[in-house]
Amino acid sequence: MNNPEKLRSESVWTTQELTKMALVAALYVAVTFVLQPVGYGNIQFRVAEMFNFLALYNKRYVWAVTIGCAIANLASPNGILDVVVGGICTLFVLLLCRYVTRNLKDLRVKIAITAVIFAVSMFTVAAQLTILFQAPFFFNWLTIGIGELLSMAIGGIIIYALSQKIDLTA
């Protein structure tokens, strides 16, 4: 017979965790939509990327941010391609950042490393623009990477300050 308590302890996420994930995904989408003119294209400053840092605090946010990014990418000029490529790349890079920073104790170092990894990962966006629009790859990688690094730096400061007041691991 199935033990209800054992089944409950094996559940993937609680209602509270799912609610937190949904809120983060919704915030990612809302912030991206409000600042839509600068969130897409070959010069980007996507403020919602600050939510990437939440994955350093709790692995549930890997999925929350990935889903938020995928939904936000529905408004991209590249449509479904951005949803798929952006979603997969976000998932991969979030997992990579968690892996690379897993043994580091200093949260500020984790945030800095995550910001750099995300900035470098913008080659995927540059490649998409090159393939779809014959845009110059290295120039786009540079401009999109700088925008990502700036938005991540500002977001890192905000998330770090927030984490000093609120337990983001819970």
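Look above for the structure.
Residues numbered from 1 in each chain as written. Predicted model: local features only at pLDDT ≥ 70, side-chain atom pairs only at ≥ 80, totals over all residues. Heavy atoms only, no water.

Chemist: Honestly, the nonpolar core in this entry has me stumped. Any pointers?
Modeler: In summary, soluble globular proteins display a tendency toward joint burial of nonpolar side chains. Core analysis: the biggest nonpolar cluster contains 29 residues, and V24, Y28, F51, F53, L54 and I159 have the highest contact counts within it. Counting only elements with at least two residues in this core, the list comes to α2 (15-34), α3 (54-57), α4 (60-72), α5 (80-101), α6 (107-120) and α8 (137-165). When residues in this core are grouped by element, the largest group, six residues, is from α4. Leaving out residues up to four positions away in the same chain, L54 has contacts with V24, Y61, I159 and L168. Core analysis: the second largest hydrophobic core is formed by five residues, M122, V125, A135 and I144 among them. (Core = buried A, V, L, I, M, F, W, Y, C linked by side-chain atoms within 4.5 Å. Buried < 20%, exposed > 50% of the residue type's maximum accessible area, 1.4 Å probe, protein only. Helix = DSSP H or I, 4+ residues; strand = E, 2+ residues; numbered from the N terminus. Contact = heavy atoms within 4.5 Å.)

Chemist: Would you mind going over unusual backbone geometry with me for this structure?
Modeler: Most peptide bonds adopt trans geometry, and most residues besides glycine take a negative phi value. Although it is not a glycine, Q134 adopts a positive phi angle of roughly 55°. Looking at the secondary structure, you find Q134 in the loop between α7 (123-133) and α8. A relative accessible area of 63% places Q134 in the exposed class.

Chemist: When you look at the side chain of T124 in this model, what are you seeing that I'm missing?
Modeler: Within the fold, T124 resides in helix α7. Looking at T124, its side chain comes within polar contact range of the main-chain oxygen of S121, at 3.0 Å. (Polar contact = N/O pair within 3.5 Å; in protein donor to acceptor, adjacent residues only side chain to side chain.)

Chemist: Explain the pattern of salt bridges to me, please; I cannot follow it from the model alone.
Modeler: Think of it this way: side chains of opposite charge can pair up when their charged atoms draw near. Tallying each qualifying case throughout the model produces two salt bridges. Residue E17 pairs with R60 through a salt bridge whose shortest N-O separation is 3.4 Å. A residue pair is termed long-range when its members are at least 10 positions apart, and E17 in helix α2 and R60 in helix α4 qualify at 43 residues. Its salt-bridge partner being R108, residue D106 comes within 3.3 Å of it at the nearest N-O pair. For R108, a relative accessible area of 52% translates into the label exposed. (Salt bridge = Lys/Arg side-chain N within 4 Å of Asp/Glu carboxyl O.)

Chemist: What is the right way to look at α5 in this model?
Modeler: For an α-helix, the turn length of 3.6 residues means that residues three or four places apart are oriented alike. Between its first and last C-alpha, α5 extends 31 Å over 22 residues, near the 32 Å set by a 1.5 Å rise per residue. Taken together, the buried positions of α5 are D82, V83, G86, G87, T90, V93, L94, C97 and T101. Taken down its axis, α5 places every buried residue within 145° of arc, on the same side. Residues of α5 that are exposed and angled more than 90 degrees away from the buried face: I80, I88, F92 and Y99. In this fold, the buried residues of α5 make contact with α3, α4, α6 and α7. (Expected span 1.5 Å × (residues − 1). Arc of directions from axis to C-beta.)

Chemist: Please explain the layout of surface pockets as it appears in this structure.
Modeler: Rolled over the atoms, a probe sized like a water molecule indicates the empty space that remains. If you add up the space inside the largest pocket, you get close to 430 Å³. Every residue lining the largest pocket is counted, 30 residues in all, and those nearest its centre are G86, T90, M122, T124 and V125. Among the secondary structure elements, those contributing two or more residues to the lining of the largest pocket are α5, α6 and α7. Sorting elements by how many residues they give to the lining of the largest pocket places α5 first, with eight residues. Across the lining of the largest pocket, the residue classes tally to 16 nonpolar, ten polar and four charged. Its volume calculated, the second largest pocket comes out at about 200 Å³. Along its surface, the second largest pocket is lined by 14 residues, and V24, L54, Y61, L162 and L168 are the ones closest to its centre. Taken together, the elements giving at least two residues each to the lining of the second largest pocket come down to α2, α4 and α8. (1 Å grid on protein atoms, 1.4 Å probe; cavity = no way out; pocket = protein on both sides within 12 Å on 5 of 7 lines; lining within 4 Å. Points joined across faces, edges and corners; volume = space filled by probe spheres on them. Nonpolar A, V, L, I, M, F, W, Y, C, P; charged D, E, K, R; others polar.)

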